[in-house]
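Observations on chain architecture
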Amino acid sequence: MPDAVTVLRREPVLVRTGPAVVESSTVIEPGEEVFAGHYPGFPILPGVCLLDCVLTTMRMARPGAGMRVLESGRFLAPVFPGDVLTTVVEWDEHGRVRATVRTARGKAARFRFTAGEAP
């Protein structure tokens, strides 16, 4: 099976790791291909890219980890070219994960899901 492919050109950089929490930082480059169609004249980062940042951050801390069941996802504010994302992923001993993605303006998204092995 091929390795997972990230949506953005720049991978997150781990800022903090611990037994139950990991934090990363990602610069959203203005030239990202995803901005071409989302939306012309008013580029915002697609929500799937925020979820990708969460999953990439989780895999960096726990290789082989993946998402089994997405319980909830809320997109709270737009992410624009040039924003810096801070992603915090926390999990418990039962494999439940809570993740928050923020910009300097505040929360951009939050997710809850059950983790498992990556496909």
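This section reports on the structure supplied with the text. None of the values given here were measured: they were computed from a predicted structure. (Residues numbered from 1 in each chain as written. Predicted model: local features only at pLDDT ≥ 70, side-chain atom pairs only at ≥ 80, totals over all residues. Heavy atoms only, no water.)

**Points about the pairing of strand β5 (residues 96–103)**
Here is the rule we go by: Relative accessibility thresholds used throughout: buried, under 20% of the residue-type maximum; exposed, over 50%; partly exposed, between the two (1.4 Å probe, protein chains only). Under the DSSP-based scheme used, a helix requires at least four consecutive residues in state H or I and a strand at least two consecutive residues in state E, with every element numbered from the N terminus. Should DSSP find at least two bridges between two strands, the strands are taken to pair.
In β5, alternate side chains face the same way, and those of Val97, Ala99, Val101 and Thr103 are buried while those of Arg96, Arg98, Thr100 and Arg102 on the opposite face are not. What sits between strand β4 (residues 84–91) and β5 in their antiparallel hairpin is a turn of four residues, with glycine 95 showing a positive phi close to 85°. With antiparallel pairing between neighbouring strands as the criterion, β5 and strand β6 (residues 106–117) make up a hairpin whose turn holds two residues.

**Things to note about unusual backbone geometry**
Geometrically, the link from histidine 38 to tyrosine 39 is a cis peptide bond, its omega value of -5° lying close to zero. Note on placement: tyrosine 39 falls in the loop between β2 (21–27) and α1 (47–61).

**Digging into the pattern of salt bridges**
Inclusion rule: What makes a salt bridge here is a side-chain nitrogen of Lys or Arg within 4 Å of a carboxyl oxygen of Asp or Glu, nothing more.
In this structure the tally under the stated criterion is five salt bridges. Glutamate 29 serves as the salt-bridge partner of arginine 10, at 2.7 Å between the closest nitrogen and oxygen. Of this pair, arginine 10 sits in the segment before β1 (13–17) while glutamate 29 sits in the loop between β2 and α1, and the two are 19 residues apart along the sequence. With a closest N to O distance of 3.1 Å, arginine 16 and glutamate 23 form a salt bridge.

**A word on the nonpolar core**
Soluble, globular proteins show a tendency: their nonpolar side chains are buried together. For clarity, the cut-off: Nonpolar cores were defined as sets of buried Ala, Val, Leu, Ile, Met, Phe, Trp, Tyr and Cys residues, with membership established by side-chain atoms within 4.5 Å. Pairs of residues are marked as contacts when any of their non-hydrogen atoms sit within 4.5 Å.
One finds Leu45, Leu50, Met58, Leu85, Val89 and Phe111 to be the most contacted residues of the largest nonpolar core, which totals 25 residues. Looking at this core, the elements that each hand over two or more residues are α1, β4, β5 and β6. When residues in this core are grouped by element, the largest group, seven residues, is from α1. Once you skip the residues sitting within four places of it in the chain, leucine 85 turns out to touch Ser24, Ser25, Thr26, Ile28, Leu45, Leu50, Cys53, Val79, Val101, Arg102 and Thr103.

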